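Okay, here's what each chain looks like letter by letter:
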Amino acid sequence: MPHHDSPAPSPRDADWWRQAVVYQVYPRSFADSDGDGIGDIPGVTSRLPYLAGLGVDAVWLSPFYPSQLADGGYDVADYRDVDPRLGTLDDFDEMVGTARRLGLKIMVDIVPNHSSDQHVWFQEALAAPPGSAARERYVFRDGRGEDGELPPTDWPSSFGGPAWTRVPDGQWYLHLYAPQQPDFNWDNPEVREDFHDTLRFWSDRGVAGFRVDVAHGLAKDLRAPLRDLGEQRSYQPDALPADGSHPLWDRDEVHEIYRGWRRVFDAYDPPRFAVAEAWVRPSRRTAYASATGLGQAFNFDFLGARLDAAGLHTLIDTALADARRAGATSTWVLSNHDVVRHVSRYALPEDCTRQDIEAWLLADGREPAPDLSTGVRKARAAALLMLALPGSAYLYQGEELGLPEVADLDRADLRDPMWVRSGGRVKGRDGCRVPLPWTREGTSFGFGPGGSWLPQPADWGRYAADAQSGDKESFLELYREALRLRRALVADEELEWIGPRERTRRGLLHFARAGGWHTVGNLSADPVPLPRGEVLLASGPLTGDELPPWTTAWLRAGSASGR
Ligand code: NOJ
């Protein structure tokens with residue numbers, strides 16, 4: 001294994017994640033080194049200097065494990081290997097070594113709720129009889145009805161259709177996602193032990209942390225008789241019971257699993273870190289984020305929020321208070337591989353709901369017509385707000401380039417299981433996963449020497465990293481400068497709101513961090529007076545003493561208190 005020679009960590013090393021900027025790589029769409037049209041690990045390695053130059057602290061890789069890609073890699077056939085199309089374990093080690101030399105940390109995605117149906121354990125389970133130890137690693141049950149021809153319960157798959165699929169001997173197995181993603185039985189000690197081994201496997205290879213997929217789903221109430229969900233079938237994080245009594249999601253027993261993981265993490269120096277993807281009531285996030293649990297939990301509030309100052313003020317306060325209660329820090333996320341890119345979200349009318357956005361995708365991005373220049377303006381303002389908040393910022397690849405959603409992908413090109421499983425009612429997430437443009441010209445705009453597994457739009461080159469580099473007005477340079485300044489400015493984890501709260505109703509957000517770092521966001525259609533101070537950075541051109549509509553500025557105020 002490579003990293004035996006690491007120097008003894010200082011105590012601060014254990015806290016590196018608290019205010020880190022983490023860059024999410026979706027490996028198949030990031031950079032392709034060998035021209036097969038699929039991004040790969042050597043591709044990531046080749047672009048690490050770009051990420052170091054951007055100024056991020058850590059890189060989180062979405063799954064790169066062997067997979068038949070029934071769900072973009074979130075169907076893992078082997079948790080301790082690299083998909084041969086993406087490289088080898090040696091390539092992985094080389095990537096970690098290069099990252100280390102550049103001062104970057106590597107995080108990997110761990111998918112513990114379900115494996116791929118190609119996983120050796122599931123293949124064994126299929127070959128073994130009902131009641132066998134092999135079937136006990138997953139959730140196999142007899143069906144209902146006279147001949148067991150009905151699924152055991154009414155549980156729905158998150159991708160549409162029932163969560164049960166029947167196997168030839170008549171039993172049914174559980175999959176809360178696609179049929180190719182059978183759910184593990186976490187009551188089984190063998191499953192628990194095996195995941196500990198996987199966590200050690202990657203930790204030993206120098207991985208600093210883990211993003212935990214569907215962290216709220218592992219513990220299920222599998223006692224006989226299984227309970228139907230009835231009215232609880234439609235899954236809404238906010239509507240989950242607050243007492244952990246839902247049969248499938250956010251049960252209290254799940255934290256016992258993570259206490260075991262914490263013991264694995266804490267055996268390393270510095271301890272390994274984890275962030276939970278847990279779609280639960282905000283008040284129950286804290287349990288996932290606790291120091292005896294995973295350590296941090298995603299706060300996805302920005303993904304669904306409008307750029308409305310009063311609403312943001314409240315959600316920021318709540319997230320900071322929740323994180324503080326957990327002894328963690330909050331995360332801030334504007335985009336990821338599961339949602340429409342925020343430049344496009346902000347280009348749609350203010351009152352668009354999630355359903356409207358789905359409909360917009362189905363209309364190939366034409367109805368309602370997006371106003372991209374507004375989207376860009378708002379996205380730049382949102383970036384400076386997010387990057388000024390205490391906690392960690394998670395960036396999704398391409399957001400630093402201001403990429404919009406590719407909403408007009410041809411139906412024949414769609415790969416997301418949501419598209420097929422929903423019977424064409426949901427277009428899915430491919431539009432945010434289109435391979436990145438690195439160069440203005442050239443094959444697949446520099447993504448790689450071959451094609452690109454999802455078609456790139458003809459004008460993709462104008463967003464390319466090399467087209468933006470050095471252009472002060474560009475998205476990329478805004479991010480570079482913001483991350484450079486942030487690194488110098490971030491001190492403690494406190495935030496102080498400035499001015500009366502009523503101002504948020506007029507669209508103004510103003511807060512200060514230690515050292516006199518002020519952030520003022522004008523989230524309204526009218527200019528407002530710019531507070532006094534030295535302007536460090538602004539998301540758009542400033543006019544005299546005014547902060548124009550949809551603009552955020554970072555200022556240094558010269559007060560004695562430092563705030
Ligand atoms: C959440 C992941 O982010 C998403 O991409 C995936 O489809 C589901 N979990 C299932 O693993």
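Residues numbered from 1 in each chain as written. Predicted model: local features only at pLDDT ≥ 70, side-chain atom pairs only at ≥ 80, totals over all residues. Heavy atoms only, no water.

## Things to note about the overall build of the protein
Part 1 of the reasoning: The helix and strand inventory of the protein stands at 15 helices and 18 strands.
Part 2 of the reasoning: Over its C-alpha trace the protein gives a radius of gyration of 24 Å, about what one expects of a compact globule, namely 24 Å for 563 residues.
Part 3 of the reasoning: Overall size of the protein, expressed as C-alpha extent along the three principal axes, is 75 × 55 × 50 Å.
Part 4 of the reasoning: In the protein, buried positions account for 60% of the 563 residues. (Helix = DSSP H or I, 4+ residues; strand = E, 2+ residues; numbered from the N terminus. Rg over C-alpha atoms; globule rule 2.2 N^0.38 Å. Buried < 20%, exposed > 50% of the residue type's maximum accessible area, 1.4 Å probe, protein only.)

## Some remarks on the confidence of the model for the protein
Part 1 of the reasoning: With 97% of its residues at a pLDDT of 70 or more, the protein shows a mean pLDDT of 95.
Part 2 of the reasoning: Contacts for the low-pLDDT stretch residues 1-7, under 50 throughout, to residues beyond four places or in other chains number 10 contacts. (pLDDT = per-residue confidence, 0-100. Contact = heavy atoms within 4.5 Å.)

## Side note on the sheet that holds strand 16 (residues 534-538)
Part 1 of the reasoning: Strand order in the open sheet made by the 5 strands is 12-13-14-18-16, with antiparallel pairing throughout. Strand pairing shows two members of the sheet lacking a second neighbour, strand 12 (496-497) and strand 16, which therefore form its edges.
Part 2 of the reasoning: Pairing of strand 13 (residues 508-513) with strand 14 (residues 517-522) involves 6 bridges; the strand directions are antiparallel. Bridging across to strand 14, Leu508 finds its partner in Asn522.
Part 3 of the reasoning: Against the sheet, helix 8 (residues 309-326) touches strand 12 and strand 13, its axis set at about 35° to strand 13.
Part 4 of the reasoning: Of the strands in this sheet, strand 13, strand 14, strand 16 and strand 18 (551-556) are in contact with helix 11 (residues 372-388), which crosses strand 18 at around 35°. (Pairing = 2+ DSSP bridges. Axes fitted to C-alpha atoms, helices over the stretch in contact; angles between N-to-C directions.)

## Quick word on the side chain of Thr98
Part 1 of the reasoning: Within the secondary structure, Thr98 sits in helix 2 (residues 89-102).
Part 2 of the reasoning: In this structure Thr98 comes out as buried when scored by relative accessible area, which is 16%.
Part 3 of the reasoning: Not counting the four nearest positions on each side in its chain, Thr98 is found in contact with Thr45 and Leu48.

## Brief notes about the site of the ligand
Part 1 of the reasoning: Taken together, 13 residues surround the ligand, and among them Asp71, Arg211, Asp213, His337 and Asp338 come closest.
Part 2 of the reasoning: For the ligand, an oxygen atom lies 2.7 Å from a polar atom in the side chain of Asp213.
Part 3 of the reasoning: When the free accessible area of the ligand is taken as 300 Å², the share hidden by the protein chains comes to 97%. (Near = heavy atom within 4 Å. Polar contact = N/O pair within 3.5 Å; in protein donor to acceptor, adjacent residues only side chain to side chain. Areas by Shrake-Rupley, 256 points an atom, 1.4 Å probe, with all protein chains shown as cover.)

## Considering the sheet that holds strand 4 (residues 140-141)
Part 1 of the reasoning: Read across the sheet, 3 strands follow the order 4-6-5 without closing on themselves; strand pairing throughout is antiparallel. Of all the strands in the sheet, just strand 4 and strand 5 (164-166) have a single pairing partner and so form its edges.
Part 2 of the reasoning: By the bridge criterion, 2 bridges tie strand 4 to strand 6 (residues 172-174) in an arrangement that is antiparallel. Within strand 6, the residue paired with Phe140 across the bridge is Tyr173.

## Here we look at the packing of helix 1 (residues 41-54) against helix 2
Part 1 of the reasoning: The interhelical angle for the contact between helix 1 and helix 2, taken along N-to-C directions, is 5°, at an axis separation of 9 Å. Accordingly, the angle class assigned to the pair helix 1 and helix 2 is roughly parallel. Residues Ile41, Pro42, Val44, Thr45, Leu48, Pro49 and Ala52 of helix 1 pack against Asp91, Phe92, Glu94, Met95, Thr98, Ala99 and Leu102 of helix 2. (Parallel < 35°, antiparallel > 145°, perpendicular 65-115°, else oblique.)

## Observations concerning the nonpolar core
Part 1 of the reasoning: One finds Leu51, Trp261 and Trp554 to be the most contacted residues of the largest nonpolar core, which totals 143 residues.
Part 2 of the reasoning: When near neighbours in sequence (up to four residues on either side) are disregarded, Leu51 contacts Tyr23, Val25, Phe30, Val56, Val59 and Leu104.
Part 3 of the reasoning: Grouped together as the second largest cluster of nonpolar side chains are 17 residues, Trp155, Leu226, Leu248 and Trp249 included. (Core = buried A, V, L, I, M, F, W, Y, C linked by side-chain atoms within 4.5 Å.)

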